[in-house]
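Single-letter residue listing:
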Amino acid sequence: MKRDELGDLVAFLAVAEERSFTRAAAQLGTSQSSLSHTVRRLEERMGVRLLTRTTRNVSPTDAGEQLAETLRPAFDDIRSRINALSALRQRPAGTIRITSSRHAAETILMPAVKRLMAEFSEINVEISIEQRFVDLAAERFDAGIRLGEGVEKDMIAVRIGPELRMVVAGSPQYFERHTKPRTPHDLTQHTCINLRLPTLGGLYAWEFEKDTRPLNVRVDGQFICNDVPMIIDAALSGIGLTCLPDDHLGPLVKEGKLVSVLEDWCPPFPGYHLYYPSRRLASPAFALLVDALRYRSA
């Protein structure tokens, strides 16, 4: 059945139930003449008269009544199913798929997800731990979590964490054997732990900035790793200096297990953001998750 044929049946049923072209036209938001033309076209296509028209009223013929009795339950079922879909749209339910780095998932995403699932039993969440940037549409993710400076410009980005800054640190044992660097250039005289980038496969160039002047330094050392916890363990063992965000190293510095250096070369930068396509139609469940993750400064 073609789309216009279905529309003709809807128009006929409206006239048959209202017993009036005028009332049916008002209900459908069309003109009386257009509605009359539609019904006449349906009659010609079916080869049978469906309505008896007089100057005072309109009534279905026997064939018209049979057609109306066939259409009513079918259209009632369609309306009930559409209403059910509308109710689903209004009720927080369904599955939300998110890609995130492990650290962001553990420290920010999971606490919010646990609260959300406890309150709304019909919300399901799938988290995929990835270090690489993911094509959300191609891999059917609803959203991703990454550092704010790495989010594409065509995405909606919602801040979900505080600003971060990089920390260069080593163990007290390491600094018993080495003098502390005063500038990033001094790092060339130190043993440093390199981070292998999971996205491009290269080594992370340590990033610094002072007086709005950026500076990247390629460091060298005996140990290279693509796993942050293992790098931290190596730094705690005195193998060398490491450079990681302060939410990784800050607690260890406060405990005295690591010693921070070059603080004046490490300004803050945008922290974790939830990002998703600007064209995405937010479901109630997704809107709840966004609100639960949204960062609110103290």
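What comes next is a walk through the structure. Worth saying up front: this structure is predicted, and the values here are computed from it rather than measured.

Looking at the overall build of the protein chain
A count of helical and extended segments in the protein chain gives nine helices and 14 strands. Its C-alpha radius of gyration of 33 Å places the protein chain more than 25% over the 19 Å reference for a compact globule of 298 residues. A principal-axis box enclosing the C-alpha atoms of the protein chain has dimensions of 105 × 35 × 30 Å. When the 298 residues of the protein chain are sorted by exposure, 39% land in the buried category. Across the protein chain, contacts joining residues at least 24 apart in sequence account for 70% of those joining residues at least 6 apart. Accessible area of the protein chain: about 17300 Å², with a carbon and sulfur share of 50%.

Side note on the sheet that holds strand β5 (residues 143-147)
What the five strands build is an open sheet, ordered β4-β3-β5-β14-β6; its pairing is mixed. The sheet terminates laterally at β4 (123-129) and β6 (155-159), the two strands that pair on one side only. When the angles between neighbouring strand axes are averaged without regard to direction, this sheet yields 25°. Here β6 pairs with strand β14 (residues 272-277) via five bridges, running antiparallel. Bridging across to β14, A157 finds its partner in Y275. Strands β3 (94-100), β4, β5 and β14 of the sheet are contacted by helix α5 (residues 102-119), whose axis makes an angle of about 175° with β4. Across the sheet, helix α9 (residues 284-293) is in contact with β3, β4, β5, β6 and β14; its angle to β14 comes to roughly 160°.

Considering the pattern of salt bridges
Two side chains that carry opposite charge are able to pair once their charged atoms sit near each other. For the coordinates displayed, the defined rule picks out eleven salt bridges. Taking the shortest distance from any N to any O, the salt bridge between E126 and R97 comes out at 3.1 Å. Taken together, the residues E126 in strand β4 and R97 in strand β3 connect sequence positions 29 residues apart. On the basis of relative accessible area, E126 is assigned to the partly exposed category, the value being 37%. We classify R97 as partly exposed; its relative accessible area is 21%.

Cut-offs applied
- Residues numbered from 1 in each chain as written.
- Predicted model: local features only at pLDDT ≥ 70, side-chain atom pairs only at ≥ 80, totals over all residues.
- Heavy atoms only, no water.
- Helix = DSSP H or I, 4+ residues; strand = E, 2+ residues; numbered from the N terminus.
- Rg over C-alpha atoms; globule rule 2.2 N^0.38 Å.
- Buried < 20%, exposed > 50% of the residue type's maximum accessible area, 1.4 Å probe, protein only.
- Contact = heavy atoms within 4.5 Å.
- Areas by Shrake-Rupley, 256 points an atom, 1.4 Å probe, with all protein chains shown as cover.
- Pairing = 2+ DSSP bridges.
- Axes fitted to C-alpha atoms, helices over the stretch in contact; angles between N-to-C directions.
- Salt bridge = Lys/Arg side-chain N within 4 Å of Asp/Glu carboxyl O.

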